[in-house]
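Chain and residue survey
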Amino acid sequence: MAASCHFFVAGLLLLFSGVLSFPVGQEKRDATTCGYQSCHATKPTMLNVHLVPHTHDDVGWLKTVDQYFYGDRNNIQHAGVQYILDSVVDQLLKNPDRRFIYVETGFFYRWWKQQSSSMQQTVKQLVNQGRLEFVNGGWCMSDEATTHYSAVIDQMTIGLRFLNETFGICGRPRVAWHIDPFGHAREHASLFAQMGYDGFFFGRLDYQDRARRMNAKEQELLWRASDSLTPPIADLFTGILPNGYSPPEGFCWDQLCTDDPIRDDPDLEDYNVDDVVQRFLRAAKTQALVYKTNHIIMTMGSDFQYENANLWYKNLDKLIRYVNDQQGNGSNVNVLYSTPSCYLQELHKANLTWPLKTDDFFPYADSAHSFWTGYFTSRPALKRYERISNSNLQSCNQLEVLGGPVSRKGLFGQGDSETLRKAMAVAQHHDAVSGTEKQHVADDYAKRLAKGWQHCQVLVSNSLASLTGSSAERIYCDYLNVSVCPLTESSSKFSLSVYNPLGRSVTWPVRLPVNGTAYAVTDAQGKPVDCQVLPVSRATQEVRRSRGFAKNELVFQVRAPPLGYSSYSVSLLQDGPPSSSPQHQAPTSIQNKFLQVTFDPDTGLLSGLSNLETKQTIKLSQNFYWYNASNGNNVESLQTSGAYIFRPNSSTPVMVSSKARVEIFQNSVVQEVRQWFAPWVSQVVRLYADSKAVELEWTVGPVPVSDEQGKEVITRLDTSIKTAELFYTDSNGREVLQRKKDFRPTWQLKKTEPIAGNYYPINSRAFIKDDTDQLTVVTDRSQGGASIYNGSLEIMLHRRLLHDDYRGVGEALNEWSELFPDGLVVRGRLLLSLEPPATAADAHRPLAQQVVSQPLLSFTDGDLNPNTRLEFSGLQASLPPAVHLLTLSQWDQESVLLRLEHQFQSWESKVSSQPVTVNLQKLFSTLDVLGVSELNLSANQWKDEMKRYDWSPEKEEKPLLKTFEDPSVWEITLRPMEIRTFLLRVTFK
């Protein structure tokens, strides 16, 4: 029978078929033969060796995702995913004992679409019997250092939804599986726990950490992944695999391997069964010495293996047979085909207690001088483009809901959000946004994002046409960061629509490239808006090359309502030369009513920052430096800096310049100091009239390498804050973790790399503090950072390297393009806020969300139609300050997916770190909510049906899951760091 989804409507149960149901025709009894019920029997008195056949298929790395799928460009790497799946299915059908796990749903989806209905039915049977099992299940295996939590949740949701709708309950993974990412984030573990996973396995951790854990038998542990969510909500059993994700040495039987096959005919030459069996028994018993139970796991596969699955399975069948035959001779080793979930089940049955971990697994080093901390910053332009694309996707998803069906097919054609959603999902891969792919693959990721945005533009235009009542063509200017927008540069009258994807009103500075010297701007109520014209900076003129011709920038502040838009009209008043002339003398200070920024008049550099409201003042100097990248010629082990690894050949960075040439512009909208440090480094320090944050807009590149020196460019903030060697970074944009120089919470660190070994990923913010002052830096992309000196915070902005680091990519990180043949130029922003530590989160939490989910600007030429609706909000009122609207997207014709989150940790704000209640029926202005049902975080299980294994920590009582009652069906309460996911049945009012 087909299962039904349940919606609660005014306390009644409403049946609503087909959303999270079993596929039609699949019998419910099939569910009992997959998952944990499909595991082979083990032997409790023996050492049980769980052989897990698997392949690790990168959705892009040395080849593009499509090249990998088809097996194209094998001159780069021999790999063809379609052939892997063809071959594995064929071999599974030949022996019911065989097992295989598959991970990357983005690849499986491609393959599945090409199969006949009879093959699809065959594969469903394999899944229902547990012979083919999905683990992890996201569209990709996401990176953990450089991904934002919202994009991770999205990519997991799209993959798990496909598995759920295709295979039902037997397609739902029980285990998270991150065998290749280069370090592991606490927030990822928290998300996996909230998605319903029973356990998590990974392959890479620091070599010192592994040595200690092997000695203490602590390679399996309980990870408490939140300091705010009540245990065990974010508790996740975590296992560290024994060989990364490769087989034991000597037991790789893929066509890509060179190990000897099992030769078991004694009449033929080189009979080797006895040798293979004895070597395997030694390997198993050696591995068992560093694990806690009489069960061990072996990963039998690796990158893009099983293209000829017969090679693997024929030898594995023999291995199992001949090793188990030794039990008759007194061997206590039992070998079986297995899966990660079957192995996890046996660990759970052992009913042991497990060591508790509360920090994360960064940074990761695989040897003394090889810290994988360079990729925190590698390919900074791609990292920024991914972040912008995430913001655009959220706006696109929301406007698809708010505009209704006409948004998908309307006045401007057929648009969709799915193309960008899938491109973003692929971009979360651990060789995508991480910056660790070959150049042509990075280009492919960017092209996919651009194509997705083109599809979304049509959808957004359709939606805004419906909401505004205007049929005017909409223009999108994607190069405003370098002052390029053909419409604003040439038009004497145009309008600007500002869509705000956040659940609260925002004020946002707009800078438009223009050629006039005076303009009039009016808001949606017809009131004049203060605006000023500034000349385009020299750095911008150089970086935009021939793409634009604007001499000036029109600057003004816009305000947009929650989940809505506001319109602004712009008219040219005066043409001619720039009206604003700079002051060339070094400034002493700029200030608004909230902040004062001081400068050293002798050097032109920052010297101090004051919060005028709280009467705080700190010394603050800032400059740019570069680390000389090791080229491997004169250093131990020949380790070089590369896409993955950061290895400077000196602990002292080189200062770009001790002075900056400056220009200062001051008007009623913005005050800015433009600083030039070198032909390839410049910065603008900006303070807008109503802002409580200082903006540092940096431009770096082309990084010079004519001296044959690779360079890793940083900016460093040196302050009077007494930090006691502590600083703080966010985990995937959510919870903040404390860091300490030359220290690891769970082992005694042997310091080998004083700089690289102290770098951590910064996804959206980092801060330093003492008892009275907290300086928070909000970033516009993922970057690496450290606090090497007390009171300092350094952030790596750009990397240009001349050597590969020998971790597989086979290419130096030396980015250039036709537009920038001398090397890539990168521009970005840092936002600085100074607050007392007790209230700092009240400032940096909403600030970071505003940078991640920035307003979406669109333009129309000429006068607006008088009947145009100039302002709109999709919410009845702003959400409370602690609540963030994380997801609003169309699920099917009658329902939408909604995620609301409490964006504060339990300890960081007296005001905001309190439970908050939201009424779902009073949320939207244009939608009536008819029914609601709660889902798990990844939207592939009903929340009340999500059951997970419970685990006992050492030295603590087993935590019992507490349930909190909401005030009513419609009123839901959010507690600190809680994300709640709902399926809403809606109609338009």
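In this text the structure is predicted, and so the values were computed from the model without any measurement.

Right, let's talk about the overall build of the protein for a bit. Secondary structure assignment for the protein yields 16 helices and 51 strands. By the compact-globule yardstick of 30 Å for 989 residues, the protein fits well, its C-alpha radius of gyration being 29 Å. Judged by the C-alpha coordinates and their principal axes, the protein covers about 95 × 70 × 55 Å. In the protein, which comprises 989 residues, the proportion classed as buried is 65%. Across the protein, contacts joining residues at least 24 apart in sequence account for 76% of those joining residues at least 6 apart. When the accessible surface of the protein is split by element, carbon and sulfur atoms take 49% of a total near 34,600 Å². Separation of charge centres in the protein, based on 97 positive and 109 negative side chains, amounts to 3 Å.

On to the pairing of strand 24 (residues 564–575), then. Relative to strand 24, strand 18 (residues 493–500) runs antiparallel, the two being bridged by 8 bridges. Paired with Asn 500 across the two strands is Gly 564, which belongs to strand 24. In the sheet, strand 20 (residues 516–522) pairs with strand 24 via 6 bridges, with the strands oriented antiparallel. Bridged to Ala 518 within strand 24 is Gln 574. Here strand 24 runs beside strand 44 (residues 871–873); their pairing, made up of 3 bridges, is antiparallel. If you follow Gly 564 over to strand 44, its bridge partner there is Ser 873.

So, on to the packing of aromatic side chains. What the rule picks out here adds up to 48 aromatic pairs. Aromatic side chains Phe 200 and Trp 223 sit 6.4 Å apart centroid to centroid with 20 degrees between the ring planes, which places their arrangement in the stacked category. Here the residue Phe 200 occupies a position in strand 7 (residues 199–202), and Trp 223 occupies one in strand 8 (residues 220–224), the gap between them amounting to 23 residues. Cluster of aromatic residues (ring-pair linked, three or more members): Tyr 102, Phe 108, Tyr 109, Trp 111, Trp 112, Phe 134, Trp 139, Phe 162 and Phe 167. The ring of Tyr 479 is capped by Arg 547, whose NZ or CZ atom sits 5.2 Å from the centre of that ring. Arg 975 extends its terminal NZ or CZ atom over the ring of Phe 964, reaching a point 4.1 Å from the ring centre.

In this section: the environment of Gln 557. The topology assignment puts Gln 557 in strand 23 (residues 552–560). On the accessibility criterion, Gln 557 (16% relative accessible area) is buried. Those residues in contact with Gln 557 that sit more than four places away from it in its chain are Thr 507, Trp 508, Pro 509, Val 529, Val 669, Tyr 688, Ala 689 and Asp 690.

This part takes up the environment of Thr 540. Tracing the chain through its elements places Thr 540 in helix 15 (residues 538–544). Residues Thr 540 and Val 484, 56 residues apart in the sequence, show an inter-C-alpha distance of 9.6 Å. Residue contacts for Thr 540: discarding those within four places in its chain leaves Val 482, Ser 483 and Arg 827. A polar contact of 2.9 Å, which involves the side chain of Thr 540, links it to the side chain of Arg 827.

Moving on, we come to the nonpolar core. Of all hydrophobic cores here, the largest spans 178 residues; its most connected members are Val 49, Leu 51, Phe 108, Phe 280, Tyr 306 and Leu 319. The dominant element in this core, judged by the number of residues it contributes, is helix 5 (residues 149–167), at 9 residues. The next biggest cluster of nonpolar side chains, apart from the first, holds 48 residues, and it includes Leu 420, Trp 453, Val 896 and Leu 984.

A few words now on the sheet that holds strand 7. Strand pairing in a sheet relies on backbone hydrogen bonds, with the paired strands running either antiparallel or parallel. Strand order in the open sheet formed by 5 strands is 6-7-9-8-13, with mixed pairing between adjacent strands. Each edge of the sheet is formed by a strand with only one pairing partner; in this case those strands are strand 6 (175–178) and strand 13 (356–357). In the sheet, strand 6 pairs with strand 7 via 4 bridges, with the strands oriented parallel. In the strand pairing of strand 7, His 178 is matched with Phe 202. Of the strands in this sheet, strand 6, strand 7, strand 8 and strand 9 (235–240) touch helix 6 (residues 186–194), which is tilted by about 115 degrees from strand 9.

With that out of the way, let us pick up the pattern of salt bridges. Tallied over the entire structure, the rule returns 50 salt bridges. Glu 894 serves as the salt-bridge partner of Arg 985, at 3.4 Å between the closest nitrogen and oxygen. Separated by 91 residues along the polypeptide, Arg 985 in strand 51 (residues 979–988) and Glu 894 in the loop between strand 45 (883–890) and strand 46 (895–902) bring together distant segments of the chain. Given the relative accessible area of 35%, Glu 894 is considered partly exposed.

For the rest of this paragraph, the subject is the UniProt feature "domain: Glycoside hydrolase family 38 central" (unreviewed entry) in the protein. Cross-referencing UniProt, the feature "domain: Glycoside hydrolase family 38 central" (unreviewed entry) maps to residues 370–449 in the present numbering. A distance of 32 Å separates the end C-alpha atoms of residues 370–449, which is 56% helix and 8% strand.

One frequent convention defines the size of an interface as the accessible area lost when the parts assemble. The domain boundaries assigned to the protein delineate domain 1 (35–361), domain 2 (380–527 + 545–570), domain 3 (621–852) and domain 4 (875–988). At the junction of the two partners, domain 1 supplies 40 residues and domain 4 supplies 34 residues. In total, about 3,300 Å² of surface goes out of reach between domain 1 and domain 4, with carbon and sulfur atoms giving 55% of it. Among the residues domain 1 hides against domain 4, the three largest losses belong to Arg 161, Gln 194 and His 348. Together they make up 17% of the total. Taken together, the links from domain 1 to domain 4 amount to 2 salt bridges. A salt bridge links Arg 224 to Glu 956, with the nearest nitrogen and oxygen atoms 3.0 Å apart. Run the count over domain 1 and domain 4 and you get 19 residue pairs in polar contact (both at pLDDT 80 or more). Listing elements by their share of the side of domain 1 that touches domain 4, those giving two or more residues are helix 5, helix 6, strand 8, strand 9, helix 10 (340–349) and strand 12 (353–354). Of all the elements, helix 5 adds the most residues to the side of domain 1 that touches domain 4, at 8 residues. Of the residues in the side of domain 1 that touches domain 4, the class split is 21 nonpolar, 10 polar and 9 charged.

The antiparallel open sheet is built from 3 strands, whose spatial order is 19-23-22. The sheet terminates laterally at strand 19 (506–514) and strand 22 (531–535), the two strands that pair on one side only. On average, each strand axis in the sheet is tilted by 30 degrees relative to the strand beside it, whichever way the strands run. In this sheet, strand 23 lies alongside strand 22 in antiparallel orientation, the contact comprising 5 bridges. For Gln 532, the partnering residue across the bridge sits in strand 23 and is Val 555.

Quick notes on the rules
- Residues numbered from 1 in each chain as written.
- Predicted model: local features only at pLDDT ≥ 70, side-chain atom pairs only at ≥ 80, totals over all residues.
- Heavy atoms only, no water.
- Helix = DSSP H or I, 4+ residues; strand = E, 2+ residues; numbered from the N terminus.
- Rg over C-alpha atoms; globule rule 2.2 N^0.38 Å.
- Buried < 20%, exposed > 50% of the residue type's maximum accessible area, 1.4 Å probe, protein only.
- Contact = heavy atoms within 4.5 Å.
- Areas by Shrake-Rupley, 256 points an atom, 1.4 Å probe, with all protein chains shown as cover.
- Lys, Arg positive; Asp, Glu negative; His and termini not counted.
- Charge placed at Lys NZ, Arg CZ, Asp CG, Glu CD.
- Pairing = 2+ DSSP bridges.
- Phe/Tyr/Trp six-rings, centres within 6.5 Å; stacked < 30°, edge-to-face > 60°.
- Lys NZ or Arg CZ within 6 Å of the ring centre and 35° of its normal.
- Polar contact = N/O pair within 3.5 Å; in protein donor to acceptor, adjacent residues only side chain to side chain.
- Core = buried A, V, L, I, M, F, W, Y, C linked by side-chain atoms within 4.5 Å.
- Axes fitted to C-alpha atoms, helices over the stretch in contact; angles between N-to-C directions.
- Salt bridge = Lys/Arg side-chain N within 4 Å of Asp/Glu carboxyl O.
- UniProt positions renumbered as here; feature names shortened; annotations may be inferred.
- Domains from an automatic or database assignment.
- Buried area = accessible area lost by both parts, 1.4 Å probe.
- Nonpolar A, V, L, I, M, F, W, Y, C, P; charged D, E, K, R; others polar.

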